[in-house]
Amino acid sequence: MLLHLAAPASLTTPLLASSRFSLLPLRKVPVNSSTLPFNSRIPSHLLRPMSWLGKLGFGNRTAATLDSSSASSIAQGPDDDIPAPAQEFAQFGAGCFWGVELAFQRVPGVTKTEVGYSQGLIHNPTYNDVCTGTTDHSEVIRVQYDPKECSYETLLDVFWARHDPTTLNRQGNDVGTQYRSGIYYYTPEQEKAARESMEKQQKVLNRKIVTEILPAKKFYRAEEYHQQYLAKGGRFGSKQSTEKGCNDPIRCYG
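Residues numbered from 1 in each chain as written. Predicted model: local features only at pLDDT ≥ 70, side-chain atom pairs only at ≥ 80, totals over all residues. Heavy atoms only, no water.

Engineer: Please clarify how helix α5 (residues 152-161) should be interpreted in this entry.
Structural biologist: Judged by how many residues are buried, α5 sits mostly within the fold: 7 of 10 residues are covered. Turning to α5, its buried residues number three or more, namely Tyr152, Leu155, Leu156, Val158, Phe159, Trp160 and Ala161. (Buried < 20%, exposed > 50% of the residue type's maximum accessible area, 1.4 Å probe, protein only. Helix = DSSP H or I, 4+ residues; strand = E, 2+ residues; numbered from the N terminus.)

Okay, structure coming up:
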C-alpha cells in the first residue's frame with residue numbers, strides 16, 4: 001500500500017491552510033509496518049502497492065465489482081444511519097480523508113467524525129477494493145454536529161479550506177476517483193447551502209470548481225486503522241491535537 005503524505009502547512013486562521021495548493025511536490029511512500037504506532041497489525045492488503053492504472057480507474061476488475069445488482073442498489077441507496085438525538089449528519093469528500101477528518105474534529109459543535117467510503121457501486125467495499133479504481137467510491141468524512149453550536153455553513157468553510165476543489169480526481173500526488181471533491185447532502189437545506197457556497201467560492205478562484213454536489217449515499221465505515229489516524233499518531237506515533245478551536249498545522253503523513 002502507498003500512503004498519503006502532506007507537507008506541514010501554517011494556518012492563517014483556525015483550520016485554514018495557507019498553502020493548500022502546494023501539495024504537488026509531495027509523494028507517497030510504502031508503509032513499513034514496524035514503524036506503525038501501538039504495534040498495529042495492518043491487514044496484508046493495506047501493505048500491497050497500488051498500480052497507477054488502478055488509481056486512474058483502469059485497474060483490473062476485482063471480485064468485489066461482480067456483486068449482484070441488489071447489492072449495488074444498497075450501495076447506491078441513501079445513508080439510512082441515524083445521528084444522535086438533536087444532531088445532524090454532513091458528508092464530504094476532499095482527497096485523503098486523514099487530514100480532512102482532523103480538521104473537522106477541531107470544529108466546535110462537531111460531536112463525532114468517521115472516515116469511510118460512499119458514492120460507489122459495490123456493497124461493503126474494503127480499502128483495497130476502493131484503491132483499484134473500479135468501484136467509483138469516494139473517500140469521505142461523515143461529520144455529526146450539533147446545529148445549535150455549529151452551522152452547516154461553518155462546515156462548508158472548512159471543506160473549501162482543506163483542499164483544492166479545482167483539480168479533477170486529484171489532490172496533490174493523490175490521484176484517482178476516490179480523491180474527488182464532493183459535498184453529499186442529507187437535506188434540501190444542505191443542498192441549497194452547498195450550491196450557494198460553491199457559487200461564492202467560484203468568485204474567488206481563477207479556475208473552475210469541479211466539486212460534485214449529490215445526495216448522501218450509503219456510508220461504509222473504513223477500517224479501524226483509518227479512523228482518527230492523525231489523532232492517534234499516524235505512522236510516526238506523533239499525535240496531533242483534536243482540541244476544539246486548535247489551529248496547529250495539520251501534518252498528514254503515512
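Next comes the rest of the account.
Engineer: Would you explain the packing of α5 against helix α6 (residues 188-202) in this entry?
Structural biologist: The relative placement of two packed helices is expressed as an angle between their axes plus a distance between the axes. Interhelical geometry of α5 versus α6 gives an angle of 45° and a closest axis separation of 10 Å. The pairing of α5 with α6 is recorded here as oblique in orientation. Remark: the crossing between α5 and α6 carries right-handed chirality. Contact with α5, carried on its side by Tyr152, Glu153, Leu156 and Trp160, involves Gln190, Ala193, Ala194, Ser197, Met198 and Gln201 of α6 and no other residues of that element. Here the contact of α5 with α6 is built from residues that sort into 6 nonpolar, 3 polar and 1 charged. (Axes fitted to C-alpha atoms, helices over the stretch in contact; angles between N-to-C directions. Parallel < 35°, antiparallel > 145°, perpendicular 65-115°, else oblique. Left-handed = near helix turned anticlockwise from the far one by under 90°. Contact = heavy atoms within 4.5 Å. Nonpolar A, V, L, I, M, F, W, Y, C, P; charged D, E, K, R; others polar.)

Engineer: Looking at this model, I keep getting lost on the nonpolar core. Mind explaining?
Structural biologist: Soluble globular proteins tend to pack their nonpolar side chains together in the buried interior. In this structure, Phe92, Phe104, Val143, Tyr152, Leu155 and Ile183 are the most contacted members of the largest nonpolar core, which totals 42 residues. Looking at this core, the elements with two or more residues in it are β5 (88-94), α3 (97-105), β6 (110-118), α4 (127-131), β7 (138-145), α5, β10 (181-185) and α6. Leave out the neighbours within four places in its chain, and Val143 touches Glu88, Phe89, Ala90, Phe92, Phe104, Val110, Lys112 and Leu155. (Core = buried A, V, L, I, M, F, W, Y, C linked by side-chain atoms within 4.5 Å.)

Engineer: Sorry, what's going on with the sheet that holds β6 here?
Structural biologist: Sheets are built from strands paired through backbone hydrogen bonds, the pairs being either parallel or antiparallel. What the 6 strands build is an open sheet, ordered β11-β10-β5-β7-β6-β12; its pairing is mixed. Looking at which strands have only one partner, the edges of the open sheet turn out to be β11 (212-215) and β12 (220-221). Summarising the sheet, β10 and β11 pair through 4 bridges and their orientation is parallel. In the sheet register, Ile183 faces β11, and the bridge partner there is Ile213. Lying over the sheet, α5 contacts β5, β6, β7 and β10, oriented at roughly 15° with respect to β5. (Pairing = 2+ DSSP bridges.)

Functional significance is not addressed by these values, which are geometric in nature.
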